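So you can see what is in the structure, the chains are spelled out below.
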Amino acid sequence: MEKLRIAIQKSGRLSEKSIELFNECGVTLDAGTGRLLVSSPDFPVEVLFLRDDDIPQYVADGVADTGIVGENVYAEKQKPVALIERLGFSKCRLSLAIPKTVDYTGLSYFQNKKIATTYPVILSKFLKENKINAEIHEISGSVEIAPGIGLADAIFDIVSSGSTLFSNNLKEVEVVMKSEAILIAHPQLTAEKQKILNDLLFRIRSVQKARKHKYILLNAPNDKLKEIIDIIPGMKSPSIVPLAKEGWSSLHSVIPEKDFWNIIDKLQEKGAQGILVIPIEKMIV
Ligand code: PRT
Ligand code: ZN
């Protein structure tokens, strides 16, 4: 039987989260053995550990069928691979930054300036689109020190918390792209491999949906039930269980994580009590 070969980062910011995602999908991996290629005992998948920069090429060549990379790497490498799914972790942005003390006057600031980056493709596309003529200075690392040592006037780099920029006396002035980990795939997979990828995607989506929702239980007086149900409609509709206490019910439902505090405030206003909120492990709707 064929196996789907997935390339993931060997060690770095994407590695742990990628393996964790597979685990949550019931695809266990004996990682940390130092081996380059590891098979899963419980799903027809084998994982190839690589440097993140090499993953788009390996997938384009068909050496790996799919891979997990940052969207920034996918956009920079420009390989003929398909973006299958955004995975919601390792979020960051690619931004232009300049010395803190310099006044920023808008994009025209970059006209005829020198910008250091490890992402020349994305940067030159952005500059071209905005009709800015600047010199791109490609370096392979420690981009943030370039302005301080007189190598460049500005930088174009990954920003997450912003603390690296801050400690190098730089400020972020333009966000050029947002990035997160993504699943990419070779554009033509065999029917058997496509089937495995679809099964895996189904599991990934169930895990992701679960992460974005919470299970909620609460007690409410019966005369307020209707209004409370309007606030937490649930997947189909909430379950209602009568309490031993006369005139009260327990309500169970599912709510989106992003509306969480909003919903809790409204529920309290309507007289809900004993609210319990529980993480959901998998969600199949
Ligand atoms: O060895 P290999 O080539 O495989 O790894 P790598 O060193 O090239 O990549 P790695 O592990 O650093 O990052 C892998 C991916 O994680 C990136 O391609 C991004 O998609 C994503 N990611 C998320 C980040 C960050 N957050 C991040 N903060 N990648 C890099 N950084 C850097 C950033 O450049 C900055 O210099 O971390 C520094 C700290 O950021 P602040 O803003 O939090 O201070
Ligand atoms: Zn890399």
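Relevant structure appears above.
Residues numbered from 1 in each chain as written. Chains lettered and ligands numbered in written order. Predicted model: local features only at pLDDT ≥ 70, side-chain atom pairs only at ≥ 80, totals over all residues. Heavy atoms only, no water.

A few points about the layout of surface pockets
- In this structure, the largest pocket spans a volume of roughly 1100 Å³.
- Considering the residues around the largest pocket, the lining is formed by 38 residues, among which Arg13, Asn72, Tyr119, Asp157 and Ile158 are closest to the centre.
- The space that makes up the second largest pocket amounts to roughly 290 Å³.
- Forming the walls of the second largest pocket are 15 residues, and the residues nearest its centre are Leu87, Gly88, Gln208, Arg211 and Lys212.
- Elements with a contribution of two residues or more to the lining of the second largest pocket: α1 (15-24), β5 (82-86) and α6 (191-211).
- The greatest single-element share of the lining of the second largest pocket, amounting to four residues, is contributed by α6. (1 Å grid on protein atoms, 1.4 Å probe; cavity = no way out; pocket = protein on both sides within 12 Å on 5 of 7 lines; lining within 4 Å. Points joined across faces, edges and corners; volume = space filled by probe spheres on them. Helix = DSSP H or I, 4+ residues; strand = E, 2+ residues; numbered from the N terminus.)

What about the coordination of the zinc ion (ligand 2)?
- At 2.0 to 2.1 Å from the zinc ion (ligand 2) lie its protein donor atoms, namely Asp52 (OD) and Asp53 (OD).
- Taken together, the four donor atoms coordinating the zinc ion (ligand 2) span angles of 74 to 173 degrees at the metal, a pattern that classifies the geometry as irregular.
- By relative accessible area, which is 16% here, Asp52 ends up buried. (Donors = N, O, S within 2.8 Å, 3.2 Å for Na, K, Ca; no water. Tetrahedral: all angles 85-135°; square planar, octahedral: opposite > 155°, others 65-115°. Buried < 20%, exposed > 50% of the residue type's maximum accessible area, 1.4 Å probe, protein only.)

Some thoughts on the sheet that holds strand β15 (residues 273-279)
- Pairing is antiparallel across the open sheet formed by four strands, whose spatial order is β13-β14-β12-β15. Either end of the sheet is taken by a strand with one partner, and the two such strands are β13 (239-242) and β15. The sheet shows a mean angle of 20 degrees between the axes of neighbouring strands, taken without regard to direction.
- Across four bridges, the pairing between β13 and strand β14 (residues 248-256) is antiparallel. Across the sheet, Ile240 pairs through a bridge with Leu251, a residue of β14.
- Sitting on the sheet, helix α8 (residues 260-269) is in contact with β12 (213-221), β14 and β15, with an inclination near 160 degrees to β15. (Pairing = 2+ DSSP bridges. Axes fitted to C-alpha atoms, helices over the stretch in contact; angles between N-to-C directions. Contact = heavy atoms within 4.5 Å.)

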